[in-house]
Amino acid sequence: AEMAARPSEPRLVSLPLSRIRVIMKSSPEVSSINQDALFLTAKATELFVQYLASYSYKHGRGKEKNALTYTDLSHTAEECETFQFLADILPKKILASKYLKMLEKEKRDGEVGEDDDEDEEEENEDK
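Residues numbered from 1 in each chain as written. Predicted model: local features only at pLDDT ≥ 70, side-chain atom pairs only at ≥ 80, totals over all residues. Heavy atoms only, no water.

Draft legend 1. Fine view of the environment of Phe-83. Assignment of secondary structure puts Phe-83 in the loop between helix 4 (70-79) and helix 5 (96-126). Along the chain, Phe-83 and Leu-73 lie ten residues apart, while their C-alpha atoms are 9.6 Å from each other. If near-sequence neighbours (up to four positions away) are discounted, Phe-83 is found in contact with Phe-48, Tyr-51, Leu-52, Tyr-55, Thr-76 and Ala-77. (Helix = DSSP H or I, 4+ residues; strand = E, 2+ residues; numbered from the N terminus. Contact = heavy atoms within 4.5 Å.)

Draft legend 2. Just the packing of aromatic side chains, in detail. Tallied over the entire structure, the rule returns five aromatic pairs. A centroid spacing of 6.1 Å and a plane angle of 40° characterise the contact between Phe-48 and Phe-85, whose relative ring orientation is tilted. Of this pair, Phe-48 sits in helix 2 (residues 35-59) while Phe-85 sits in the loop between helix 4 and helix 5, and the two are 37 residues apart along the sequence. On the accessibility criterion, Phe-85 (55% relative accessible area) is exposed. Taken together, Phe-48, Tyr-51, Tyr-55, Phe-83 and Phe-85 form an aromatic cluster joined through their ring pairs. (Phe/Tyr/Trp six-rings, centres within 6.5 Å; stacked < 30°, edge-to-face > 60°. Buried < 20%, exposed > 50% of the residue type's maximum accessible area, 1.4 Å probe, protein only.)

Draft legend 3. Here's a closer look at the environment of Lys-92. Note on placement: Lys-92 falls in the loop between helix 4 and helix 5. For the pair Lys-92 and Tyr-70, spaced 22 residues apart in the sequence, the C-alpha separation amounts to 8.6 Å. Discounting residues that sit within four places of it in the chain, Lys-92 has contacts with Ser-74 and Glu-78.

Draft legend 4. Quick peek at a nonpolar patch on the surface. There is a patch of nonpolar side chains on the surface, built from Ile-94, Tyr-99, Leu-100, Met-102 and Leu-103 and spanning about 460 Å² of accessible area. Structurally, Leu-100 can be placed in helix 5. (Patch = residues over 30% accessible without salt bridge, like charges linked within 9 Å, V, L, I, M, F, W, Y side chains within 5 Å. Areas by Shrake-Rupley, 256 points an atom, 1.4 Å probe, with all protein chains shown as cover. Salt bridge = Lys/Arg side-chain N within 4 Å of Asp/Glu carboxyl O.)

Draft legend 5. The packing of helix 1 (residues 17-25) against helix 2, seen in detail. Look at helix 1 against helix 2: their axes get within 10 Å of each other, and the N-to-C directions meet at 105°. Considering their axes alone, helix 1 and helix 2 lie roughly perpendicular with respect to each other. Facing helix 1, whose interface residues are Leu-17, Ile-20, Arg-21 and Met-24, helix 2 presents Gln-35, Ala-37, Leu-38, Phe-39, Thr-41 and Ala-42. (Axes fitted to C-alpha atoms, helices over the stretch in contact; angles between N-to-C directions. Parallel < 35°, antiparallel > 145°, perpendicular 65-115°, else oblique.)

Below, the structure is given as structure tokens:
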């Protein structure tokens with residue numbers, strides 16, 4: 001008989017297993033998920049998030065403010081080799097105006113080359 005966790009007992013994992021199952025099943029390579037694999041994935045994810053948070057807190061400005069900030073997390077993703085794979089997920093915050101200027105610059109810099117290529121492709125398709 002499977003033991004159900006009583007409300008007074010601490011849960012072994014905090015993350016919702018049903019959500020983790022859905023995420024795991026979203027991968028085309030995954031056909032079935034063993035309960036142990038599901039639990040271990042949840043626990044490993046939880047420990048990873050705790051490690052990321054505590055590392056970011058210790059190495060960021062969180063200690064000064066007694067709080068963990070997004071900036072602390074993005075700084076960790078940028079500076080720490082272990083977490084660099086998160087850089088796209090935790091980008092540094094920039095002002096919208098600065099971002100729009102960057103987009104405008106990319107558009108200006110890229111337009112000349114891109115338009116030329118598109119014109120050539122269209123000409124080739126017509127022939």
